[in-house]
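Descriptive analysis of the structure
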Amino acid sequence: LLRADIPDQNLYGHSNNIYRPPDAFNHDRQWAVTSDLNVTLPAGLTLRLLEGYRDWRNDSLDGGTAFLSVPTFGRQAYYDSISHSHELQVVTPKNWLLNGRLDGVAGIYYFHENYGVGEHNTRRDQYCSLVVANTLPALVPGCVAGPSTLTDAAFFQSTESVATYTEGRLGLAHGFDLTLGVRWTTERKNGNFVQTVPNPAGTILRGAENTPLHFSHNKVTWRTGLSWRPTD
């Protein structure tokens, strides 16, 4: 006889036989504040300041990550992001120079974000007796005697990005416009990933780790475009 707790054969199907705990939840909260300030300068130029602040948090508890219909282990995860951006532009009037054929924009941009991800796996009623007993039976005593927390992981990343750019539009004959732009970006990321395995039976799911992470890169990007407007 086929038992109800056999794994699903098609993990990517539209119907899955999984255990959903009564305490499962998914909470998502996000909010943001933005502003757009424009100041007119001599010669018709516009000084534009764009400001933004964003805050996002997600917290969830999922009990069906083993794709079984019985309670084996549950996973609580969170995602947290706080960022702010600042952009200062100098914008020319439309059709500013060369008899109304040239206009453009130049600016500088700054972005900073603190981003975190966490994962907390806990054993449920049949993790030791079903999962551990059928994979690594020697770990069953340690699974039962150990803490309910199987694995605990946390990832944190801080990003800082600065860019400066300029872009111009040149009107050509017969409705053709040529757009040229260049942007220089420098970005740094520093992070850390730490994972602990309080319960020895948690090694079936994850491994202990403590890894610092660093990234730094500069890049110049270009933009060219040719457009045609056949009629006004």
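This is a predicted model, so every value here is computed, not measured.

Looking at the nonpolar core
Core analysis: the biggest nonpolar cluster contains 9 residues, these being Phe73, Tyr127, Cys128, Val131, Val132, Cys143, Leu150, Ala201 and Leu205. No other element matches the 4 residues that helix H1 (residues 127-135) contributes to this core.

Some thoughts on the sheet that holds strand S7 (residues 209-228)
Taken together, 7 strands build an open sheet; the order of strands is S1-S2-S3-S4-S5-S6-S7 and the sheet is antiparallel. The sheet is open, and its two borders are formed by strand S1 (25-40) and S7, each paired with just one other strand. Neighbour-to-neighbour, the strand axes of the sheet open up by a mean angle of 10°, direction not taken into account. Across 20 bridges, strand S6 (residues 176-196) lies against S7 in antiparallel orientation. Looking at S7, one finds that arginine 183 is bridged to threonine 221.

Remarks on the state of the cysteines
Here is the idea: a disulfide is a covalent bond, and it sits between the sulfur atoms of two cysteines. Taken as a whole, this structure holds 1 disulfide when the rule is applied. Between the sulfur of cysteine 128 and that of cysteine 143 lies a disulfide, 2.0 Å long from S to S. In this structure, the disulfide formed by cysteine 128 and cysteine 143 twists by about -75° around the S-S bond and is classed as left-handed. Note that cysteine 128 is positioned in helix H1 and cysteine 143 in helix H2 (residues 140-145), a separation of 15 residues in sequence. Each member of the pair, cysteine 128 as well as cysteine 143, is classed as buried.

With respect to the pairing of strand S4 (residues 102-123)
Here 19 bridges tie strand S3 (residues 73-91) to S4, and the two strands are oriented antiparallel to one another. Bridge pairing in S4 links tyrosine 79 to valine 117.

Section: a nonpolar patch on the surface
Among the surface-exposed residues, Trp31, Val33, Tyr53 and Ile82 lie close enough to one another that they form a single nonpolar patch of about 350 Å² accessible area. Relative accessible area serves as the criterion here: at 41%, tryptophan 31 is assigned to the partly exposed category.

Observations concerning unusual backbone geometry
Of note, the phi angle at alanine 43 is positive, near 65°, even though the residue is not glycine. Mapped onto the elements of the fold, alanine 43 is located in the loop between S1 and strand S2 (46-62). Here leucine 98, not a glycine, exhibits a phi torsion of approximately 55°, which is positive. Mapping leucine 98 onto the fold places it in the loop between S3 and S4.

The rules behind these values
Residues numbered from 1 in each chain as written. Predicted model: local features only at pLDDT ≥ 70, side-chain atom pairs only at ≥ 80, totals over all residues. Heavy atoms only, no water. Core = buried A, V, L, I, M, F, W, Y, C linked by side-chain atoms within 4.5 Å. Buried < 20%, exposed > 50% of the residue type's maximum accessible area, 1.4 Å probe, protein only. Helix = DSSP H or I, 4+ residues; strand = E, 2+ residues; numbered from the N terminus. Pairing = 2+ DSSP bridges. Axes fitted to C-alpha atoms, helices over the stretch in contact; angles between N-to-C directions. Disulfide = S-S within 2.5 Å. Patch = residues over 30% accessible without salt bridge, like charges linked within 9 Å, V, L, I, M, F, W, Y side chains within 5 Å. Areas by Shrake-Rupley, 256 points an atom, 1.4 Å probe, with all protein chains shown as cover. Salt bridge = Lys/Arg side-chain N within 4 Å of Asp/Glu carboxyl O.

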